[in-house]
Amino acid sequence: MHQRPFQQVDVFTGQPYRGNPLAVVLDGSGLSTEAMQEFTNWTNLSEATFVLPPTPEGRAAGADYRVRIFCPGRELPFAGHPTLGSCHAWLRAGGQPQASDKVVQECGVGLVTLRQDGERLAFAAPPLIRSGPLAEADVAVIAKGLGVARSDILHHAWCDNGPNWRGVMLRSGEQVLALKPDASILGQLDVGVVGPRGKVGVIGSTDAEGIAFEVRAFFPGNNGLAEDPVTGSLNAALAQWLIGAGLAPTQYVAAQGTCLGRAGRVYVEQDGDTIWVGGSSVTCVSGEVLL
């Protein structure tokens, strides 16, 4: 075991303890997959990441670093808040990107580009692995599990960009916030729920805070169904679906984590063919960890 540089970062917030925390081990060299998984499980966080040098192929393609992303019980090919949080920690620890205007991360889905957006970082949404409408049987199960009428699900789609998200849109943000999902029904599904804020049923309408949508994410956790405070991968996939289908403007802000006492803010912008998903990050713990 060795002392390794470590940061615990709160992502999708500029205010400590109001976003989604992430454990970042800044030197994962020599660690086995089993050791990484064991540490992730011990942190009791939704994800932990381990920063490594890029592979030779990755470096040749422009990667600045490689990251392995774990959640309790498994490794993920991609996740959004670990991407932003790992990049924030890497830069804060003195990481120097090859290009002056971007950072390139290598991970399970390949290369992911990040850019600086004022005080925020934003990643280019990776392509969807699966898209298109859900099977009607899935929609019926989701409606039952969420405790809403089937008619309350206005739109639905696969939002799979590594994590196997199924996305549904309800009539309003208020309805999204009022959900009390049934773990016995949804316990094996990754479900993302989105609803417009402001005028009920008007897609993309904003309220006084300038927030277009409320988002909630439910997934299988250690003890049944869990809710994620703020989810980059889901918001990236939702943005590709909603903007592509004309259900959202090409630039908007989504809120997530409200029901958990968080104040996550996800900034989405389409620039040409690329959808950027961004947010602020703040380091809450910095030091070393024994691994």
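Preceding this section is the structure that the text describes.
All values derive from a computational prediction rather than experimental measurement.

Two strands pair when backbone bridges link them, and strand β6 (residues 103–107) and strand β7 (residues 110–117) are joined in this way by five bridges, in the antiparallel orientation. Paired with Gln105 across the two strands is Val112, which belongs to β7. Where β6 hands over to β7, the hairpin turn is made up of two residues, counted between the paired strands. Counting the residues between successive antiparallel strands, the hairpin from β7 to strand β8 (residues 120–124) contains two residues, one of them, Gly118, with a positive phi of roughly 65°.

So, about the packing of aromatic side chains. Scanning all chains against the criterion turns up seven aromatic pairs. On the numbers, 6.3 Å between centres and 85° between planes, the contact of Phe6 with Phe39 is edge-to-face. Of this pair, Phe6 sits in strand β1 (residues 3–11) while Phe39 sits in helix α1 (residues 33–43); the two residues are 33 residues apart in sequence, bridging distant segments of the chain. With respect to class, Phe6 is no different from Phe39; both count as buried. Aromatic pair Phe39 and Phe50: ring centres 6.0 Å apart, planes at 75°, arrangement edge-to-face. Highlighted residues: Phe39 in helix α1 and Phe50 in strand β3 (residues 48–52), separated in sequence by eleven residues. Here Phe39 and Phe50 have matching classes, each one buried. Members of the aromatic cluster, joined through ring pairs, are Phe6, Phe39, Trp42, Phe50 and Phe70. Across the ring face of Tyr267, the terminal group of Arg120 is positioned such that the distance to the ring centre comes to 3.7 Å. The ring centre of Trp158 lies 3.7 Å from the NZ or CZ of Arg130, which sits over that ring.

So, on to the environment of Val9. Counting through the fold element by element, Val9 comes out in strand β1. For Val9 and Ala60, which are 51 residues apart along the polypeptide, the C-alpha to C-alpha distance reads 29 Å. Those residues within four positions of Val9 in sequence are excluded, and the remaining contacts are Asn20, Pro21, Leu22, Val24, Gly85, His88, Ala89, Ser281, Val282 and Thr283.

So, how was this worked out
Residues numbered from 1 in each chain as written. Predicted model: local features only at pLDDT ≥ 70, side-chain atom pairs only at ≥ 80, totals over all residues. Heavy atoms only, no water. Pairing = 2+ DSSP bridges. Helix = DSSP H or I, 4+ residues; strand = E, 2+ residues; numbered from the N terminus. Phe/Tyr/Trp six-rings, centres within 6.5 Å; stacked < 30°, edge-to-face > 60°. Buried < 20%, exposed > 50% of the residue type's maximum accessible area, 1.4 Å probe, protein only. Lys NZ or Arg CZ within 6 Å of the ring centre and 35° of its normal. Contact = heavy atoms within 4.5 Å.

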